[in-house]
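Below, each chain spelled out in residue letters.
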Amino acid sequence: MLRGRVILAFTVTGVVSAMLAVVVVVLGGGVWRVALTCVFGGTAVGAAFGLWMSHRLLEPLRQVTGTAAKIASGELDTRLPDTDDPDLAPTVDAFNAMVDSLQSRIERERRLVGDVSHELRTPLTTLTTSVGVMSRYADQLPERSRRALELVRAELDHLRRLLDDLLALARAEARMHGADAEPLSVGELLTHTLAEVHYPSEMLTVSEDGIVIGRKLELERALVNLLENAQRHGGGVVAVGVCREGDEMVVTVDDAGPGVAPQDRQRIFERFVTVRRGKRSGTGIGLALVAETVAAHGGRVKCTERPGGGARFTVWLPTVTKFTHHTSVTQL
């Protein structure tokens, strides 16, 4: 028991001091010699025993710290192991109950977002089809009606992108993707992604290629979101780079816009956070989906200032070696 360990520590120190006093008295020592021997000898033995005992006493705290770190990284199924110590059992039970409640709330929120987004797709499809039919006869409409039709079509397109991003984010957060992770060349992944969105291949600079373990479609979508973000809000993509830093592959996307204010560089990766830099703000989901996807692959993403002006989005992904020895792709 935790309480018993503390009592034992003080008891051992007292017993050692008493034994030293008895030994000194038997050997014929005076009062001062007995006192000094008890003080210094008891302190030395107590300190040594205290170091060993403190390691044992802090072990439960280390378990709590390690478990909390895993939960914070996304492993919501992690719990503290059961204990027979009556002094620690209430803390363990309360901690696990708290995590159970947190996991339940997160899962309900994810299901709600996914269900609402899915239910909205049917009426949205109907509206999009109707507007498409009306657009065929736009030449027959008055000028004011044509402008109204263009406005409705633009808003429907915005809503469609928002729902697509919401569904993708809900699936990512709920770990619903079933594709298996595979070795991927970062250079080839970027080359294919740029070709898919019709960017010139000269825009890509590969200083050193490498292999990461990931799901191709998910990583492609994250990269496309970064490119679209630069195109819509950053004045267009000016350069895409791939290099290697230690046991991580680094992907950079530079834009020609005004950049992102320092106070917003972390917030833009949160859901529904938008920074207006033009006539229309984004959906607030695209960059959140990038952050979620990259984190699920053991990486991280950051926004900084591009040398010469503009914004630079940097993605770090662990290479195969790091995954092999340290971690693996979170199951989506």
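Residues numbered from 1 in each chain as written. Predicted model: local features only at pLDDT ≥ 70, side-chain atom pairs only at ≥ 80, totals over all residues. Heavy atoms only, no water.

**Student:** It is not clear to me how the pairing of strand E5 (residues 248–255) should be interpreted in this structure. Could you clarify?
**Tutor:** Here is the key point about a regular strand: its side chains alternate between the two faces of the sheet. Burial of E5 is extensive: 8 of the 8 residues sit out of reach of the surface. Burial along E5 is two-sided: Glu-248, Val-250, Thr-252 and Asp-254 facing one way and Met-249, Val-251, Val-253 and Asp-255 facing the other are all buried. Across 8 bridges, strand E4 (residues 237–245) lies against E5 in antiparallel orientation. By the bridge assignment, Gly-241 is partnered in E5 with Thr-252. Joining the antiparallel neighbours E4 and E5 is a turn of 2 residues, in which Gly-246 adopts a positive phi near 65°. (Buried < 20%, exposed > 50% of the residue type's maximum accessible area, 1.4 Å probe, protein only. Helix = DSSP H or I, 4+ residues; strand = E, 2+ residues; numbered from the N terminus. Pairing = 2+ DSSP bridges.)

**Student:** What am I meant to see in the pattern of salt bridges here?
**Tutor:** Pairing is possible between side chains that carry opposite charge, provided their charged atoms lie close to one another. Throughout the structure, instances matching the rule amount to 9 salt bridges. With its nearest N and O atoms 2.8 Å apart, the salt bridge here joins Arg-300 to Glu-248. Taken together, the positions of Arg-300 in strand E6 (residues 300–305) and Glu-248 in strand E5 put the pair 52 residues apart, joining distant regions of the chain. Residue Arg-300 is classed as partly exposed on the basis of its relative accessible area of 41%. According to the relative accessible area criterion, Glu-248 is buried, its value standing at 11%. Across the salt bridge formed by Arg-267 and Asp-264, the nearest N and O atoms sit 2.8 Å from each other. Using a relative accessible area of 37% as the deciding quantity, one classes Arg-267 as partly exposed. We classify Asp-264 as buried; its relative accessible area is 13%. (Salt bridge = Lys/Arg side-chain N within 4 Å of Asp/Glu carboxyl O.)

**Student:** Looking at this structure, how should I read helix H7 (residues 286–296)?
**Tutor:** Quick reminder: α-helices carry 3.6 residues per turn. Residues three or four places apart thus point the same way. Burial runs high along H7: 9 of the 11 residues are buried. Among the residues making up H7, those that are buried are Gly-286, Leu-287, Ala-288, Leu-289, Val-290, Glu-292, Thr-293, Val-294 and Ala-296. In the stretch just after H7, Gly-298 is the one whose phi turns positive, near 80°.

**Student:** Help me understand the side chain of Thr-78 in this model?
**Tutor:** By the secondary structure assignment, Thr-78 is in the loop between helix H2 (31–72) and helix H3 (89–136). Judged by its relative accessible area of 15%, Thr-78 falls in the buried class. The residues contacting Thr-78, other than those within four sequence positions of it, are Thr-67, Lys-70, Ile-71 and Val-99. (Contact = heavy atoms within 4.5 Å.)

**Student:** Can you help me understand the sheet that holds strand E7 (residues 311–318) in this one?
**Tutor:** Strand pairing in a sheet takes place through backbone hydrogen bonds and is either antiparallel or parallel in direction. Read across the open sheet, the 5 strands follow the order E2-E4-E5-E7-E6; overall the sheet is mixed. Edge positions in the sheet fall to strand E2 (204–206) and E6, since each has one partner strand and no second. The mean angle between the axes of side-by-side strands here comes to 15°, regardless of whether they run parallel or antiparallel. The pairing of E6 with E7 spans 6 bridges and is antiparallel. Paired with Thr-304 across the bridge in E7 is Arg-312. In the packing of helix H6 (residues 216–233) onto the sheet, the strands contacted are E4, E5 and E7, and the crossing angle to E5 comes to about 25°. (Axes fitted to C-alpha atoms, helices over the stretch in contact; angles between N-to-C directions.)

**Student:** What should I look at first to understand the packing of aromatic side chains in this one?
**Tutor:** Pairs of aromatic rings are described using the distance from one ring centre to the other and the angle between the two planes. In this structure the tally under the stated criterion is 1 aromatic pair. Between Phe-269 and Phe-313 the ring centres are 6.1 Å apart and the planes differ by 80°, which places this aromatic pair in the edge-to-face class. Separated by 44 residues along the polypeptide, Phe-269 in the loop between E5 and H7 and Phe-313 in strand E7 bring together distant segments of the chain. Its guanidinium or amino end placed over the ring of Trp-316, Arg-300 lies 4.3 Å from that ring's centre, counting from NZ or CZ. (Phe/Tyr/Trp six-rings, centres within 6.5 Å; stacked < 30°, edge-to-face > 60°. Lys NZ or Arg CZ within 6 Å of the ring centre and 35° of its normal.)

**Student:** Can you walk me through the environment of Leu-189 in this structure?
**Tutor:** As for its placement among the helices and strands, Leu-189 is situated in helix H5 (residues 186–196). On the basis of relative accessibility, which here comes to 7%, the residue Leu-189 falls in the buried class. Measuring from C-alpha to C-alpha, the distance between Leu-189 and Leu-223 comes to 9.3 Å, with 34 residues separating the pair along the chain. Beyond its immediate chain neighbours, meaning those up to four positions away, Leu-189 contacts Lys-216, Leu-219, Glu-220 and Leu-223.

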